[in-house]
Amino acid sequence: MDSRGRRGTNGSVKRSSIKRSASSGSQRVHRAWIERTFQKRECVQIIPSKDASRCSCGQLVAQHTPIPAGAVEEMAQLVQLDVQPTEKWSVLKHTQTFSTDAYGVLEFQGGGHVNKAMYIRVSYDSKPDSLLHLMVKEWQLELPTLLISVHGGLQNFDLPPKLKQVFGKGLIKAAVTTGAWIFTGGVSTGVIRHVGDALKDHSSKSRGKVCAIGIAPWGIVENKEDLIGKDVTRPYQTMSNPLSKLSVLNSSHSHFILSDNGTTGKYGAEVRLRRQLEKHISLQKINTRLGQGVPVVCLILEGGPNVISIVLESLKEEPPVPVVVCDGSGRASDIISFAHRYCEEDGLVNESVKDQLLVTIQKTFNYSRSQAQQIFQMVMECMKKKALKLPISGTLSPSLQLDSVLDILPTK
């Protein structure tokens, strides 16, 4: 660890990164920069949805954020000109930005040991260079030598015990040996729950905390009201209401970026922010002499149709992002793995395999034949990337450890 208490190359985050600056003057400067740079978004006009009790932003009309006086004046002209009962709600038209009102340290309650994490609420269109500045200067993280971006199913799913063990051990080994950052969706469901289990198992055996950064939509976070406050330390309950559609943050993460587009109970606010931040990090030079940026690896576990889109987008990046697919984890991962196993050198599959894939896609996602055709075409585009020698990896199985991601990264 260096004299500033930053994370060393073993991928751990030292406890001093959670501590506040001793200088109150310096603290005021930091607070001023954060509140000048980052915003929250509030819906400022009630647009009825199909459910008459809710605004189209997702909030209950009875609990809707009060319309700010300034927003009423600014939007008066819009209201007079064109408000139809069927008007479509949009972020740009019906939300307004205000200085962020939620950042600091959260303390997870309910475990024997209190885990702490730094967090901030930001607008979904925040600039990636500002976010990276926050992470490096305010949160005192060192630039990673690898970024592992984990994607997969949001609904809870079980993994075969052997695969769960391989996934967890491989992920932690890849992170610790390279000093990587792990990006996830931040909430304690689906694939993120499995990442959290691996992080928790590691932290119980090692003092070093892996840098795991959750990027979640502000609007789907359970108990988010507890996080309101500027430069605060807040207790955070991880017990979720079984009737709620919201999700609690995962207590094994070290940092959270909560992306706000003014909606409540909806995913989507985080997608563009995460993609742009990952791209920006990949462009940072970690070896100025060789001009090498930060390598990014996309790790896929289970997943719905959107995950197949993420795989294709990763492979289309310039340079392409290597993709590691966990075979045997279910749904999207198994469909990609099956196609990868049986495609020819030119990236095509024979009619028999095509029929099997189409039937599997239909059954897996409860899709019509035409919907399945669209997903099949995307899968085939991924396979063509293999034919072009772009880095879609072999699949992950208990016989192929996850730390093989290290083998597909540039060595210079």
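Structure shown above.
Presented here is a report on the structure given in the accompanying data block. (Residues numbered from 1 in each chain as written. Predicted model: local features only at pLDDT ≥ 70, side-chain atom pairs only at ≥ 80, totals over all residues. Heavy atoms only, no water.)

1. Let's talk about the overall build of the protein
Along the protein, the regular secondary structure elements total 11 helices and 14 strands. Within the protein, buried positions represent 51% of all 412 residues. Of the contacts made within the protein by residues no fewer than 6 positions apart, 75% connect residues no fewer than 24 positions apart. Counting only carbon and sulfur atoms, one obtains 52% of the accessible surface of the protein, whose full area is about 19600 Å². (Helix = DSSP H or I, 4+ residues; strand = E, 2+ residues; numbered from the N terminus. Buried < 20%, exposed > 50% of the residue type's maximum accessible area, 1.4 Å probe, protein only. Contact = heavy atoms within 4.5 Å. Areas by Shrake-Rupley, 256 points an atom, 1.4 Å probe, with all protein chains shown as cover.)

2. A few points about helix α6 (residues 190-205)
In this model, α6 (16 residues) spans 24 Å end to end at C-alpha, consistent with the 22 Å of a helix rising 1.5 Å per residue. Every buried residue belonging to α6 is among G190, V191, I192, H194, V195, G196, A198, L199 and H202, and all of these are buried. The secondary structure elements touched by the buried residues of α6 are β5 (147-152), α5 (161-178), β6 (181-184), β7 (211-217) and β12 (296-301). (Expected span 1.5 Å × (residues − 1).)

3. Concerning the packing of aromatic side chains
If you walk through the whole model with that rule in mind, you get 5 aromatic pairs. Consider the rings of W33 and F38, whose centres lie 5.6 Å apart with planes at 85 degrees: the pair is edge-to-face. For F38, a relative accessible area of 0% puts it in the buried group. Here a set of aromatic residues connected by ring pairs shows up, and it is made of F108, Y236 and F256. (Phe/Tyr/Trp six-rings, centres within 6.5 Å; stacked < 30°, edge-to-face > 60°.)

4. Some thoughts on the packing of helix α1 (residues 24-37) against helix α4 (residues 128-138)
At their nearest, the axes of α1 and α4 sit 11 Å apart, and the two run at 160 degrees to each other. It follows from the interaxial angle that α1 and α4 lie roughly antiparallel. Here α1 and α4 pass one another in a crossing that is left-handed. For the pair formed by α1 and α4, the contact residues are H30, W33, I34 and T37 on the first element and S130, H133, L134 and E138 on the second. Taken together, the residues of the contact of α1 with α4 sort by class into 3 nonpolar, 4 polar and 1 charged. (Axes fitted to C-alpha atoms, helices over the stretch in contact; angles between N-to-C directions. Parallel < 35°, antiparallel > 145°, perpendicular 65-115°, else oblique. Left-handed = near helix turned anticlockwise from the far one by under 90°. Nonpolar A, V, L, I, M, F, W, Y, C, P; charged D, E, K, R; others polar.)

5. A word on helix α9 (residues 331-342)
One turn of an α-helix holds 3.6 residues; hence residues three or four places apart share an orientation. The end-to-end C-alpha distance of α9, which contains 12 residues, comes to 17 Å, matching closely the 16 Å that a straight helix rising 1.5 Å per residue would cover. Listing the buried residues of α9 in full gives A332, S333, I335, I336, S337, F338, A339 and H340.

6. A look at the pattern of salt bridges
Inspection of every chain in the model, using the stated rule, returns 19 salt bridges. For R121, the salt bridge is made with D260, and the minimal N-O distance between the two is 2.9 Å. Of this pair, R121 sits in strand β4 (residues 116-123) while D260 sits in strand β9 (residues 255-260), and the two are 139 residues apart along the sequence. For R121, a relative accessible area of 4% corresponds to the buried category. Close ionic contact of D201 with K205 constitutes a salt bridge, the shortest N to O distance being 3.1 Å. Taken together, the residues D201 and K205, both in helix α6 and 4 residues apart, mark about one turn of the helix. Looking at K205, the relative accessible area reads 64%, which means it is exposed. When salt bridges with common partners are traced through the structure, they connect K40, E42, D101, R121 and D260 into a single cluster. (Salt bridge = Lys/Arg side-chain N within 4 Å of Asp/Glu carboxyl O.)

7. Let's talk about the environment of L283
By secondary structure assignment, the location of L283 is in the loop between α7 (269-282) and β10 (285-287). Accessibility expressed as a relative area gives 49% for L283, which makes it partly exposed.

8. Section: unusual backbone geometry
Following E318, the chain continues to P319 via a peptide bond in cis, the omega torsion being -5 degrees. Residue placement: P319 occurs in the loop between α8 (305-316) and β13 (323-326). For E302, which is not glycine, the phi dihedral falls at a positive 60 degrees. Among the structural elements, E302 can be located in the loop between β12 and α8. Overall, E302 belongs to the buried group, its relative accessible area being 7%.

9. What about the nonpolar core?
If you look at the biggest cluster of nonpolar residues, it comprises 58 residues, and the most contacted ones within it are M135, W181, F183, I213 and I257. The residues contacting I213, other than those within four sequence positions of it, are M135, L141, W181, I182, F183, T184, H253, H255 and I257. Counting 42 residues, the second largest nonpolar core, distinct from the first, contains A102, A216, W218 and V297. (Core = buried A, V, L, I, M, F, W, Y, C linked by side-chain atoms within 4.5 Å.)

10. Some thoughts on the packing of α4 against α7
Where α4 contacts α7, the two axes come as close as 9 Å, and the packing angle between them is 70 degrees. The angle between α4 and α7 falls in the class roughly perpendicular. Packed against α4, whose contacting residues are P128, D129, L131, L132 and M135, the element α7 presents L273, Q276, L277, H280 and I281 at the interface. Class assignment for the residues of the contact of α4 with α7 results in 7 nonpolar, 2 polar and 1 charged.

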